[in-house]
Amino acid sequence: MMRFIFILISIFTVGFFIVKDTWMVTVQGFGYELKASVLILIVGVILFLYLVHLLKKPFGWWGRCQNWLNKRRQDQKEAYLLLALKTALDQNTAAVKQLIKDKNKFFDKKSDENYILEALFEPTPHTFEQLLHRENTELAGIRGLLTYAQKDGNWAEAGRLLQKAAEKHAQEPWIWEALWTVQTLQNDWYEALNTLEILKKQGQINKEEYTRRKALLVLKLGRVSEAYKLYPDHQAIVLAYAKAEPGKAEKLIRHLWAKAPCLEAFDIYWQMIASEKQSKQVKAIEKLVNENPKHRLDRKSVV
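Everything quoted here is computed from the prediction, not taken from an experiment.

## Describing unusual backbone geometry
Logical step 1: Its identity is not glycine, yet asparagine 187 carries a phi of approximately 60°, on the positive side.
Logical step 2: Structurally, asparagine 187 is set in the loop between helix H9 (173–185) and helix H10 (189–201).

## A closer look at the nonpolar core
Buried together is how nonpolar side chains tend to be arranged in soluble globular proteins.
Logical step 1: One finds Leu162, Trp174, Ile175, Leu196 and Leu217 to be the most contacted residues of the largest nonpolar core, which totals 28 residues.
Logical step 2: At seven residues, the largest contribution of residues to this core is made by H9.
Logical step 3: Residues Val224, Tyr231, Trp257 and Cys262 belong to the second largest nonpolar core, which totals 26 residues.

## A short note on H9
Logical step 1: Given a rise of 1.5 Å per residue, 13 residues ought to cover 18 Å, and the 19 Å separating the end C-alpha atoms of H9 matches this to within 8%.
Logical step 2: Those residues of H9 lying buried are Trp174, Ile175, Trp176, Ala178, Leu179, Trp180, Val182, Gln183 and Thr184.
Logical step 3: In this structure, the buried side of H9 is in contact with helix H7 (138–151), helix H8 (155–168), H10 and helix H11 (207–220).
Logical step 4: Remark: asparagine 187 follows H9 within two positions and exhibits a positive phi of approximately 60°.

## Some thoughts on the side chain of arginine 213
Logical step 1: Tracing the sequence through the fold places arginine 213 in helix H11.
Logical step 2: Residue class for arginine 213 comes out buried when judged on its relative accessible area of 9%.
Logical step 3: A distance of 2.8 Å separates polar atoms of two side chains, one belonging to arginine 213 and the other to glutamate 209.
Logical step 4: When sequence neighbours within four positions are dropped, the list of residues in contact with arginine 213 reads Glu177, Trp180, Leu196, Leu199 and Ile205.

## Some points on the pattern of salt bridges
Logical step 1: Counted under the stated rule, the structure contains nine salt bridges.
Logical step 2: Two residues, glutamate 138 and lysine 168, come together in a salt bridge whose shortest N-O distance is 3.6 Å. Highlighted residues: glutamate 138 in helix H7 and lysine 168 in helix H8, separated in sequence by 30 residues.
Logical step 3: Overall, glutamate 138 belongs to the buried group, its relative accessible area being 5%.

## Details of H7
Logical step 1: Compared with an ideal rise of 1.5 Å per residue, which puts 14 residues at 20 Å, H7 spans 20 Å between its outermost C-alpha atoms and is within 8% of the ideal.
Logical step 2: Every buried residue of H7 is listed here: Glu138, Leu139, Gly141, Ile142, Gly144, Leu145, Leu146 and Ala149.
Logical step 3: Here the buried face of H7 lies against helix H6 (125–131), H8 and H9.
Logical step 4: A positive backbone phi angle near 70° is found at glycine 153, which sits one or two residues after H7.

## Points about the packing of helix H13 (residues 235–244) against helix H14 (residues 246–259)
Logical step 1: Running from N to C, H13 and H14 cross one another at 155°; their axes reach a closest spacing of 7 Å. Overall, the two elements H13 and H14 adopt an arrangement that is roughly antiparallel. Crossing hand, H13 versus H14: left-handed. In this structure, H13 uses Gln235, Val238, Leu239, Tyr241, Ala242, Lys243 and Ala244 to contact H14, whose residues at the interface are Pro246, Lys248, Ala249, Leu252, Ile253 and Leu256.
Logical step 2: Among the residues forming the contact of H13 with H14, the class breakdown is ten nonpolar, one polar and two charged.

## What about the packing of H8 against H9?
Logical step 1: In the contact formed by H8 and H9, the axes pass within 9 Å of each other and the chain directions differ by 150°. Viewed along their axes, H8 and H9 adopt a mutual orientation that is roughly antiparallel. For the crossing formed where H8 meets H9, the hand is left-handed. Contact residues: H8 offers Trp155, Ala158, Gly159, Leu162, Gln163, Ala165 and Ala166, while H9 offers Trp174, Ile175, Trp176, Ala178, Leu179, Val182, Gln183 and Leu185.
Logical step 2: By residue class, the composition of the contact of H8 with H9 is twelve nonpolar, three polar and no charged.

Basis of the calculations
Residues numbered from 1 in each chain as written. Predicted model: local features only at pLDDT ≥ 70, side-chain atom pairs only at ≥ 80, totals over all residues. Heavy atoms only, no water. Helix = DSSP H or I, 4+ residues; strand = E, 2+ residues; numbered from the N terminus. Core = buried A, V, L, I, M, F, W, Y, C linked by side-chain atoms within 4.5 Å. Buried < 20%, exposed > 50% of the residue type's maximum accessible area, 1.4 Å probe, protein only. Expected span 1.5 Å × (residues − 1). Contact = heavy atoms within 4.5 Å. Polar contact = N/O pair within 3.5 Å; in protein donor to acceptor, adjacent residues only side chain to side chain. Salt bridge = Lys/Arg side-chain N within 4 Å of Asp/Glu carboxyl O. Axes fitted to C-alpha atoms, helices over the stretch in contact; angles between N-to-C directions. Parallel < 35°, antiparallel > 145°, perpendicular 65-115°, else oblique. Left-handed = near helix turned anticlockwise from the far one by under 90°. Nonpolar A, V, L, I, M, F, W, Y, C, P; charged D, E, K, R; others polar.

Written as structure tokens, this is what we have:
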């Protein structure tokens, strides 16, 4: 670039000596009169720009100072935010009051950080609602209101807030997990299945966890055989399948008992042999006990 400028200056200088008496201009002002060739003026401008370029490096310290001051200011803001979070979580009332006084030193009253800090220092539904009206703080407001909804057991409101969050912030991983939990608490099994597919698509849960959750949701919908095919090792699913398929119940219960004996399994097993003679009942129970002889529930079962 500088070579190009040097060549340009040389060309205009040569041109000046060739046509120094042509294209003259006169500039008057402040009692002075200046006569010069157009080429001289052009060369002067180019030389001035070149001089500015040369002086830029020695005086670059000003920009570096500005960058240092901006970075220091940003570091102070981040340190304040971390201290504010720790103080609010520790519920240190005296320290919170001092931080509230210092807040305006770092943040403008209309800044996103200021609204978030107000909600942090004085967490109320009102302060969190204020966050909903700003794009950059909306998600923080939703999380705050969600906490109150969960605390009150208002799962319908919690679901509404999470659906609102999902509309604009679909990539936030915590939203879908929280929404799935709320849907199951509301017995909204079909919607929970849809949310489960999103969790799988986003890679938030592994294949085994996905299968387990889907099997339990399918079970809640009364599709027992489908649930058993999906996850045949879950106790609740095995018990439900044993009740739904009496012809397979004995084998299912004995298999379950070998892994994890439970009184509900024994109740189903007892209903199967309740009409038998006592001698056959004893043999049947002994057969079941032998599947897992060291488990303490076996003694209760025999009794």
